[in-house]
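Architecture at a glance
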Amino acid sequence: MNDSLTVTQQSRATSAPSDVAPAIVSVTNLTKTYASGHQALKPIDLEIRRGEIFALLGPNGAGKTTLISIICGLVNPSGGTVLADGHDIVRDYRAARERIGLVPQELTSDAFESVWNTVSFSRGLFGKPADPAHIERVLKDLALWDKRNDKLITLSGGMKRRVLIAKALSHEPRILFLDEPTAGVDVELRRDMWNVVRRLREAGVTIILTTHYIEEAEEMADRIGVINKGEIILVREKRELMRQLGRKQMTLQLQQPLAAIPASLADYPLELAEDGLELVYSYDSQQQQTGITGLLNAVSATGIEVKDLHTRQSSLEDIFVNLVKERQ
Amino acid sequence: MNLTAVRAIYRFEMARARRTLLQSVVSPVLSTSLYFVVFGGAIGSRISEIQGISYGAFIVPGLIMLMLLTQSVSNASFAIFFPKFSGTIYELLSAPISHFEIVLGYVGAAATKSIILGLLILATASLFVPLQIAHPLWMLLFLVLTAMTFSLLGFIIGIWADNFEKLQLVPLLVITPLTFLGGTFYSIDMLPPIWQTLTLANPVVYLVSGFRWSFFGISDVSLVASLGMILLFLGLCLAIVAWIFRTGYRIRP
Ligand SMILES: Nc1ncnc2c1ncn2[C@@H]1O[C@H](COP(=O)(O)OP(=O)(O)O)[C@@H](O)[C@H]1O
Ligand SMILES: [Mg+2]
C-alpha cells in the first residue's frame, strides 16, 4: 500500500516537472518586426527548463533563427523580454550572454586562422581565462584534435561545422543553442554531435535546437515546440505528443486490385492506395476498441483476399504536417 | 570591463597583421620611402627651402600623415568589414562585451599598427634626409590622436560599407585627395589667396600643420587650431560610433 503510494507520487513528480523546475530561459511577449516591415515573431511566450533538450520545430521562414538570434544578442527585439538564467538579455546582457553558446545556422569562419587559435579566441571573447586543457578536451570530443593546426580554409564543410560547435563550447556555456545543426552534415558528424549533446546534457547543460528534420527532434528532444509563421503553436513533452497525437495506420495489401471501396466497408475510415492494391485503415491506438477485428471480419466476408498486412505508428512528421495544415 | 575580450580582439587583429606583414608593413614603408628618394634626393635639391627647411625634410611630416590616415582607415575598416562580410561577426555580437570594448579592441589594434608604421617611416626617412624633432612629445601626441581618430573613421566606414567597392572608395576618393591638398607637399601660404582660404576647410591641413610644427616649429595654422580640430574630429567619430551601436545600424537588425 505504502509502496504503491510512493510510486504514484514519484511518477507524478517526474511527469509534471514544469511546476517544479524553474525555467532557465523564459521568453515573455517577445515580438520582432524587421525594418522591412515583416513581422517575423508574433508575441511569443516560451519557457525552457533547466537541463532539458528542447527542439524548436518549424518550416523554413517560421522564425526559428530570429527567435534564437534575439536570445543570443544578434538581433534587437521589437518588444517583450527574455531572461536567461534570470538575467535580462538586454539590461543585463553580460551575465546573460556569458551563459550562452551559439552554433549558428550559416557556416562562417576566419579562413586564415588555425583551428586552435579560433577556438581559443572564442573563449577569450567570452571573458574566460585561457584554459588549454579545456580547449584540448573540446577538440578531442569533436574529432578536431588532429586538425588543430590546420587553417580553417583547408577544412571541409563538416569539419567547419565541428569548429563552430567547438567555438560555442569553448567558454563552457550553461545554455547551448544549435540552429539547424545537422542541415547538410554527414552521418559521422551527426553521430558525433549527438554524442556530444548527450554528454553535455548529462553535465547539466540545457540544449535548444532548431530543425525542420522531424527525426532529429524525435530522436533527441525531451520537449518539442512547434513554431509556424512567427507563432508558437504548441509546446509538449515529446512522449506525450507522440502518444496524444500518435495515430496508427494498418495497411492491407490485396491480391486483386479494387476499383472502389465496397459498400460493406463504408463504415470504416479507409483509403484506397497503390492503384487499388492497398487498403489503409487509420485508427487511434489509445482507444479501447480499435475496430480491427470488425474490419478484418468484414473484409473476409466481402471476399477480399489479403496478401499481407502491417501497421505503422504515425511519426512526428505526420503530426507536424497535420498541425500546420490545421492552422492554414 | 571585459578586458580579456578586448585583449582577445586586439591580439587577433595584431596576429592578422603579422601574417600579412608584407602587405601591411613592408609595402607602405617601401612606397613612402620612394617619395623621400624622389623628392628628398632627386628633385628636392632643385626646390628651394621652405621657411629655412630643405624640401626633403619639409615633406616628411606630411608624408607620415598621409600614410597614417590611409593606413588607419583601411586597417580599421577592413578589420570590421570582413567579419560582417564573412558572417563571423555573429560571435562578436553574442559575446558578453560592450560596444565600447569592441571598438577598443578593433580601433586599438588598427591605431597601434599605424603608429608602428608611422614610426618606421620616420626611421626610414631619417636615412634619406637630415631630420630634427623639436617637440617629440607633441609629435607622439599628434601621431596617437590622428591614428585613433582615423581608425575610428575606418571602423565607421567598415560598418557602413556593404561591398568591397564602397570599402575602397572612401580612402581613394576622400582621404587621399584631402591629404594631397592638405599641405603635405607645400606650405599653404605658397597658394593663391583664394585657395588659402578654401583650404582651411580641409581638416587634414590642421593635422599636417600641427604635426609639422612638432618637427620644425613652423606651422600654417596655430597649434591650438590643430589640436582643436583633431579633438573635434575625434569627438565626432565617437558620436557616430555610439549612434551606430545604439541603433544597431547595419550590424544588428
Ligand atoms: N534581417 C532580416 N530582415 C528582414 N527579414 C528577415 C530578416 N531575417 C529574417 N527575415 C524574415 O523573417 C522570417 C523568419 O526568418 P527566420 O527566423 O530565419 O526563419 P527560420 O529560421 O525559421 O527559417 C522570414 O520570412 C525571413 O525572410
Ligand atoms: Mg533558420
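Scope of this entry: the structure provided in the associated data block. (Residues numbered from 1 in each chain as written. Chains lettered and ligands numbered in written order. Predicted model: local features only at pLDDT ≥ 70, side-chain atom pairs only at ≥ 80, totals over all residues. Heavy atoms only, no water.)

**Describing the sheet that holds strand E5 (residues 87-88) of chain A**
Residues and elements named next belong to chain A. Pairing in this open sheet of four strands is antiparallel, and the strands run E2-E1-E4-E5 from one edge to the other. The sheet terminates laterally at strand E2 (39-49) and E5, the two strands that pair on one side only. The pairing of strand E1 (residues 23-33) with strand E4 (residues 79-84) spans five bridges and is classified as antiparallel. Note on E4: the bridge partner recorded for Ser26 is Leu83. Contacts from helix H2 (residues 64-72) reach E1, E2 and E4 within the one sheet, and its direction differs from that of E1 by about 115°. (Pairing = 2+ DSSP bridges. Helix = DSSP H or I, 4+ residues; strand = E, 2+ residues; numbered from the N terminus. Contact = heavy atoms within 4.5 Å. Axes fitted to C-alpha atoms, helices over the stretch in contact; angles between N-to-C directions.)

**Notes on the site of ligand 1**
Residue and element names in this part refer to chain A. Around ligand 1, the neighbouring residues are Tyr34, Ser36, His38, Ala40, Pro59, Asn60, Gly61, Ala62, Gly63, Lys64, Thr65 and Thr66. A distance of 3.2 Å is found between an oxygen atom of ligand 1 and a side-chain nitrogen or oxygen belonging to His38. Contact between ligand 1 and Lys64: an oxygen atom at 2.9 Å from a main-chain N or O atom of the residue. When isolated, ligand 1 has an accessible area of 560 Å², and the protein chains bury 66% of it. By residue number, the principal contributor to the shell around ligand 1 is H2, which donates three residues. Its residues assigned to classes, the shell around ligand 1 comprises four nonpolar, seven polar and one charged. (Near = heavy atom within 4 Å. Polar contact = N/O pair within 3.5 Å; in protein donor to acceptor, adjacent residues only side chain to side chain. Areas by Shrake-Rupley, 256 points an atom, 1.4 Å probe, with all protein chains shown as cover. Nonpolar A, V, L, I, M, F, W, Y, C, P; charged D, E, K, R; others polar.)

**Some words on the coordination of the magnesium ion (ligand 2)**
Distances from the magnesium ion (ligand 2) to its protein donors, namely Thr65(A) (OG1) and Gln105(A) (OE1), fall within the range 2.0 to 2.3 Å. Taken together, the residues span a long stretch of sequence, with Thr65(A) in helix H2 and Gln105(A) in the loop between strand E6 (100-103) and helix H4 (115-125) at a distance of 40 residues. (Donors = N, O, S within 2.8 Å, 3.2 Å for Na, K, Ca; no water.)

**What about the packing of aromatic side chains?**
Residues and elements named next belong to chain B. In the structure shown here, the tally under the stated rule is 20 aromatic pairs over all chains. Measuring from ring centre to ring centre gives 5.1 Å for Phe85 and Phe164, while their planes differ by 70°; the resulting arrangement is edge-to-face. Of this pair, Phe85 sits in helix H3 (residues 55-86) while Phe164 sits in helix H7 (residues 164-180); the two residues are 79 residues apart in sequence, bridging distant segments of the chain. On the basis of relative accessible area, Phe85 is assigned to the exposed category, the value being 51%. Under the relative-accessibility criterion, Phe164 is labelled partly exposed at 29%. A centroid spacing of 5.8 Å and a plane angle of 50° characterise the contact between Phe215 and Phe216, whose relative ring orientation is tilted. Taken together through their ring pairs, the aromatic side chains of Phe78, Phe81, Phe82, Phe85 and Phe164 make up a single cluster. (Phe/Tyr/Trp six-rings, centres within 6.5 Å; stacked < 30°, edge-to-face > 60°. Buried < 20%, exposed > 50% of the residue type's maximum accessible area, 1.4 Å probe, protein only.)

**Examining the packing of helix H6 (residues 136-160) of chain B against helix H9 (residues 203-216) of chain B**
Residues and elements named next belong to chain B. One can describe the packing of H6 onto H9 by two numbers: an axis separation of 8 Å at closest approach and a directional angle of 155°. Compared by their axis directions, H6 and H9 come out roughly antiparallel. Note that H6 runs across H9; the crossing there is left-handed. For the pair H6 and H9, contact is made by Trp138, Met139, Phe142, Leu143, Thr146 and Phe150 and by Leu207, Gly210, Phe211, Trp213, Ser214 and Phe215, respectively. For the contact of H6 with H9, the per-class residue count stands at nine nonpolar, three polar and no charged. (Parallel < 35°, antiparallel > 145°, perpendicular 65-115°, else oblique. Left-handed = near helix turned anticlockwise from the far one by under 90°.)

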